[in-house]
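# Notes for the structure review
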Amino acid sequence: MSTVRVRFAPSPTGYLHVGGARTALFNWLFARHHHGVFVLRIEDTDLARSTDAATQVILDALQFLGLDWDEGPVKGGDFGPYYQSQRLDLYQEYAAKLMEMGRAYECFCTPEELDQRRQEQMKQGQATRYDGRCRHLSDEEKEDLRAQGRLPVIRLASLDEGETVVHDLIRGDVTFDNTTQVDDFVLVKSDGMPTYNFAVVVDDALMKITHVIRGEDHLSNTPKQIQLYQALDFPLPKFAHIPMILGPDKALLSKRHGATSVMQFHEDGYLAEAMVNYLSLLGWGYDDSQTIFSVPELIEKFTLERVSKNPAVFDIQKLEWMNGVYIRALSVEDLYERALPYWQRAGFLPEEITPEVKEYAQRILKELQSRIRLMADVVESAQYFFMDDYPYQPDVVQKILTKPHTEEILQYVYEVIKEAPQLNEEHLKPLFQVGMEKFGIKMGELIQPLRVALTGTNVSPGIYDVLELLGSEKVRSRIERTLAMLKEKELI
RNA sequence: GCCCCCAUCGUCUAGGGGCCUAGGACAUCGCCCUCUCACGGCGAAGACAGGGGUUCGAAUCCCCUUGGGGGUACCA
């Protein structure tokens, strides 16, 4: 069997969104599974909307996800160039060829005229299609039209009988009626640029793409493309149309559903491994028991046969959960490398890290690891470890530090801390128990106020871990600070 | 309007005629662990869109309806 060649062909009109990433992933997995070639091609023929910056962002996003391409921008390859804007001569060549063969023709109808006719067809209950009126223009007529200043487009002289069947690897055979569904669509716009349907065929054929794996939104365009393959005598690739990704309201996923940009997810602290794993499950599943897949496993197990046909709703909660799973699986060293930038940006840690600071940071991370779901969470959940002027959460202070004995409890702990040889559970618990009896309270009633005093919140790692991490000096100064705050606010 | 695709718990899915009193995961709820929050463990609730067929037998096959999605551009 010949080498599998697939491609991902984004248009650089914005960031890489979740849907595009999933399409890229499926292509990539398919290529790696079959030891094939993954091609990246930039579809930038829409000059008005395409930008270099957007191209770079897409490249960055693919890189972040680990979807490396074998041919394409930066990498190069034997079937370049990989930017459509640099392939204009090719489209011209094939358009000329089709004209010569009589399979394409110039059309001088204006957008306004076409629109009007479309409206009319709709009113009549007919399918909207180009009526072919420019198909047999004489040379004189063309000259007249040109003299009027009209710029022609080039249209395909499509087959107007029979049907075109798409043999889809996921959906089976899908039949389209040539008479009503495949019209003489535009190949080359009046500004000389190729349309998507034309460029995609020329490029996929020339780049020897064997499997076209793309979103279902392209299924309806496929018969048009097939007619082009046939007119140009190009071998037909196999097609696989994967289901769309929807928002919670079942509408196509878009910006209005919140973050959809892969790089935004990255910034929020989603791990590439979690993104890839979650995305792989959108429209694909393996068996009835497994949801966590490593990348090698995905490569091994991914097949188009197991791609589902129905659209999938993007469930951010499941992604978050999965991200937590991957965070918990990280080594402390790895976790630290990923957390460091967040802490540095928050001003918690300097650019230069001493071994002591690194060790402290890692000890904190060990405690935080099971408590965060996004890397960005390390900022809020660790601020009191790095700031001595940590804020007090007002409602928590009100609720917990206004209870009876608060001052005595804190003072008791203050004294006890001085005596303890080490701030750990072994040494402190017995002392706290003495306090419990002294005040006639439960352990929680001693620990909660202490937690609030030390952290400003009622949520933190285990109290003995917090005490140990902070150390005797800080614990005492924080108790003093809290007592002062309470007195100032006249809460005790 | 016309055409195409799709239809299992709230969500992602397993299921490809009998193994299904429909399995798993997220979310939800309860219990356990426990100094809070997580993590972890145990458990509960929760679906074959509706109607016709085919068949000894249908979540699985066919048809219709309904619902959702997509296409219908000199966007990609």
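Worth saying up front: this structure is predicted, and the values here are computed from it rather than measured.

Rules used in this analysis
- Residues numbered from 1 in each chain as written.
- Chains lettered and ligands numbered in written order.
- Predicted model: local features only at pLDDT ≥ 70, side-chain atom pairs only at ≥ 80, totals over all residues.
- Heavy atoms only, no water.
- Patch = residues over 30% accessible without salt bridge, like charges linked within 9 Å, V, L, I, M, F, W, Y side chains within 5 Å.
- Areas by Shrake-Rupley, 256 points an atom, 1.4 Å probe, with all protein chains shown as cover.
- Salt bridge = Lys/Arg side-chain N within 4 Å of Asp/Glu carboxyl O.
- Lys, Arg positive; Asp, Glu negative; His and termini not counted.
- Charge placed at Lys NZ, Arg CZ, Asp CG, Glu CD.
- Helix = DSSP H or I, 4+ residues; strand = E, 2+ residues; numbered from the N terminus.
- Axes fitted to C-alpha atoms, helices over the stretch in contact; angles between N-to-C directions.
- Parallel < 35°, antiparallel > 145°, perpendicular 65-115°, else oblique.
- Left-handed = near helix turned anticlockwise from the far one by under 90°.
- Contact = heavy atoms within 4.5 Å.
- Nonpolar A, V, L, I, M, F, W, Y, C, P; charged D, E, K, R; others polar.
- Phe/Tyr/Trp six-rings, centres within 6.5 Å; stacked < 30°, edge-to-face > 60°.
- Buried < 20%, exposed > 50% of the residue type's maximum accessible area, 1.4 Å probe, protein only.
- Lys NZ or Arg CZ within 6 Å of the ring centre and 35° of its normal.
- Pairing = 2+ DSSP bridges.
- Core = buried A, V, L, I, M, F, W, Y, C linked by side-chain atoms within 4.5 Å.
- Polar contact = N/O pair within 3.5 Å; in protein donor to acceptor, adjacent residues only side chain to side chain.
- 1 Å grid on protein atoms, 1.4 Å probe; cavity = no way out; pocket = protein on both sides within 12 Å on 5 of 7 lines; lining within 4 Å.
- Points joined across faces, edges and corners; volume = space filled by probe spheres on them.
- Near = heavy atom within 4 Å.
- Expected span 1.5 Å × (residues − 1).
- Arc of directions from axis to C-beta.

### Digging into a negative patch on the surface
On the surface, a cluster of negative charge is made up of Asp139, Glu140, Glu141 and Asp144. Residue placement: glutamate 141 occurs in helix α5 (residues 139–147).

### Observations concerning the packing of helix α17 (residues 406–419) against helix α20 (residues 463–488)
In contact at an axis separation of 10 Å, α17 and α20 are set at 150° when each is read in the N-to-C sense. Relative to α20, the element α17 is oriented roughly antiparallel. Considering the relative orientation of α17 and α20, their crossing is left-handed. On the side of α17, the interface is formed by Thr406, Glu407, Leu410, Gln411, Val413, Tyr414, Ile417 and Lys418, while α20 contributes Leu467, Ser472, Val475, Arg476, Ile479, Glu480, Thr482, Leu483, Leu486 and Lys487. Residue classes in the contact of α17 with α20 are distributed as nine nonpolar, four polar and five charged.

### Section: the packing of aromatic side chains
This structure, assessed with the given rule, holds 19 aromatic pairs. Taken together, a centroid distance of 6.5 Å and an interplanar angle of 75° make the contact between tyrosine 229 and phenylalanine 234 edge-to-face. For the pair shown, tyrosine 229 and phenylalanine 234 are each scored as buried. Linked through ring pairs, Phe26, Trp284, Tyr286, Phe293 and Phe302 together constitute an aromatic cluster. We note arginine 345 situated over the ring of tyrosine 342; from NZ or CZ to the ring centre the distance is 5.1 Å.

### Overview of the sheet that holds strand β3 (residues 104–107)
Overall, antiparallel pairing links the three strands, which are arranged β3-β4-β7 in an open sheet. What marks the edges here is a single partner per strand, and that holds for β3 and β7 (186–188). Adjacent strand axes in the sheet meet at a mean angle of 45° when their direction is disregarded. Both β3 and strand β4 (residues 153–156) contribute to a ladder of four bridges, which runs antiparallel. Bridge pairing in β4 links glutamate 106 to isoleucine 154.

### Re the nonpolar core
Counting 113 residues, the largest nonpolar core has Phe314, Trp343, Phe385, Phe432 and Leu467 as the members making the most contacts within it. If one sorts the elements of this core by residue count, α20 sits on top with 11 residues. Once residues lying within four places of it in the same chain are set aside, the contact partners of phenylalanine 314 are Val18, Ile245, Leu246, Leu253, Phe265, Tyr278, Leu279, Leu282 and Leu319. Within the second largest apolar cluster, 33 residues are counted, among which are Tyr82, Ala95, Leu187 and Val201.

### Re the side chain of glutamine 369
Tracing the chain through its elements places glutamine 369 in the loop between α14 (355–368) and α15 (377–386). What makes glutamine 369 buried here is its relative accessible area of 11%. Within the structure, the side chain of glutamine 369 is placed 3.4 Å from the backbone oxygen of arginine 328, a separation counted as a polar contact. With residues near it in sequence (within four places) discarded, glutamine 369 still touches Ile327, Arg328, Leu330 and Leu335.

### As for the layout of surface pockets
Reported here for the largest pocket is a volume of approximately 1,100 Å³. As for the largest pocket, its lining consists of 39 residues, and the residues nearest its centre are Pro10, Ser11, His17, Asp217 and His218. Contributing elements (two or more residues each) for the lining of the largest pocket: β1 (5–8), α1 (18–33), α7 (196–206) and β8 (211–215). Ranked by the residues each element gives to the lining of the largest pocket, the list is headed by α1, at four residues. Across the lining of the largest pocket, the residue classes break down as 14 nonpolar, 15 polar and 10 charged. Considering only enclosed or pocket space, the second largest pocket measures out at about 290 Å³ in volume. Residue lining of the second largest pocket: 15 residues in total, with Glu380, Ser381, Tyr384, Thr457 and Val459 positioned closest to the centre. Of all the elements, α15 adds the most residues to the lining of the second largest pocket, at five residues. Residue composition of the lining of the second largest pocket, grouped by class: six nonpolar, six polar and three charged.

### With respect to the protein's contact with RNA strand B
Around RNA strand B, 68 residues are found, and the nearest of them are Arg171, Lys189, Ser370, Arg371 and Ser460. The sugar-phosphate share of atoms of RNA strand B within 4 Å of the protein amounts to 70%. Of all the elements in the fold, those that place two or more residues in the surface near RNA strand B are α4 (111–123), β4, β6 (172–177), β11 (312–313), α12 (316–328), α19 (443–455) and α20. Across the surface near RNA strand B, the residue classes break down as 24 nonpolar, 24 polar and 20 charged.

### A few points about α4
Counted at 1.5 Å a residue, the expected span for α4 with its 13 residues is 18 Å, and the 18 Å between its end C-alpha atoms agrees. Among all positions in α4, only Leu114, Arg117 and Gln121 are buried. All buried residues of α4 lie within an arc of 65° about the axis, which places them on one face of the element. Residues of α4 that are exposed and point over 90 degrees away from its buried face: Pro111, Glu112, Gln116, Met122 and Lys123. Downstream of α4 by one or two residues, glycine 125 has phi in the positive range, about 75°.

### Observations concerning the environment of histidine 34
Here histidine 34 shows up in the loop between α1 and β2 (37–40). On the basis of relative accessibility, which here comes to 37%, the residue histidine 34 falls in the partly exposed class. When the C-alpha atoms of histidine 34 and valine 4 are compared, they prove to be 6.6 Å apart, with 30 residues separating the residues in sequence.

Function-wise, these values are silent; they only describe arrangement.
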